[in-house]
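# Observations on the model geometry
Here's the letter readout for the chains.
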Amino acid sequence: MMIKLEGGAGQLAIVQHLARHDIPVCAHLGLKPQSVHKIGGFRVQGREPEAAQKMVDAAKRLQDVGADLVSMKG
């Protein structure tokens, strides 16, 4: 069993807390199906170089705090 969290760097504290308690975490970045209504529908994420770099940076930070799996969808 694994917890899937949608979001980027805003989830760092939650991922770290779960990892410290040996709870496996999948951090999901980019297009977030469960949140499409909050962003106005299905829209490509990370298309611009700056946005793509932010996603990569967030993925690295999530990995550093203990995410077992990082999934990025454009």
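So, a few notes on the structure that sits alongside this text. Bear in mind that the values here come from a model prediction, so they are computed numbers and not experimental data. In this numbering scheme, every chain counts its residues from 1 along its sequence in written order. The predicted nature of this model means local features are confined to residues of pLDDT at least 70 and side-chain atom pairs, given and counted, to a pLDDT of 80 or more, with totals for whole chains, interfaces and linings taken over all residues. Remark: hydrogens and water are excluded; side-chain values derive from all non-hydrogen atoms of the structure.

Numbering goes from the N terminus for both helices and strands, where a helix is a DSSP run of H or I of at least four residues and a strand is a run of E of at least two. What the protein contains, in helices and strands, is 2 helices and 3 strands. Listing every helix and strand of the protein by position from the N terminus yields β-α-β-α-β. When contacts within the protein are restricted to residue pairs at least 6 apart in sequence, long-range pairs at least 24 apart make up 60% of them. Only heavy atoms matter for contacts: two residues are in contact if any of them lie within 4.5 Å across the pair.

By nonpolar core we mean a set of buried residues, namely Ala, Val, Leu, Ile, Met, Phe, Trp, Tyr and Cys, connected to one another through side-chain atoms within 4.5 Å. Each residue is placed in one exposure class: buried if its accessible area under a 1.4 Å probe, protein chains only, is under 20% of its type's maximum, exposed if it is over 50%, and partly exposed if it falls in between. One finds Leu5, Leu12, Val15, Leu18, Val25, Ala27, Leu29, Met55, Ala58, Ala59, Leu62 and Ala67 forming the largest nonpolar core, which totals 12 residues. The leading source of residues in this core is helix H2 (residues 49–64), at 4 residues. Apart from residues no more than four positions distant in its own chain, Ala27 is found in contact with Leu5, Leu62, Ala67, Leu69, Val70 and Ser71.

Inspection of the secondary structure puts Glu6 in strand S1 (residues 3–6). A polar contact of 3.3 Å, which involves the side chain of Glu6, links it to the side chain of Lys4. We define a polar contact as two N or O atoms separated by no more than 3.5 Å, with the added condition that, inside protein, one atom must be a possible hydrogen donor and the other a possible acceptor, whereas residues neighbouring each other in sequence contribute only through side-chain atom pairs.

A word on the environment of Leu69. Tracing the backbone shows Leu69 in strand S3 (residues 69–73). Given a relative accessible area of 42%, Leu69 falls into the partly exposed group. Here the alpha-carbon distance between Leu69 and Ala27, two residues 42 residues apart in the chain, equals 6.2 Å. With residues up to four places along the chain from it excluded, the contact list for Leu69 reads Met2, Val25, Cys26 and Ala27.

For salt bridges, the criterion is a side-chain nitrogen of Lys or Arg within 4 Å of an Asp or Glu carboxyl oxygen. For the structure shown, the criterion picks out 2 salt bridges. The closest approach of N and O atoms between Lys4 and Glu6, which form a salt bridge, is 3.3 Å. A relative accessible area of 40% means that Lys4 is categorised as partly exposed. Relative accessible area serves as the criterion here: at 14%, Glu6 is assigned to the buried category.

One fewer than the residue count of a helix, multiplied by 1.5 Å, yields its expected span. Taking 1.5 Å of rise per residue, 16 residues should cover 22 Å, and H2 covers 23 Å from first to last C-alpha, within 8% of that figure. Following H2 by one or two positions, Gly66 has its phi on the positive side, about 125°.

Keep in mind these values describe shape, not function.
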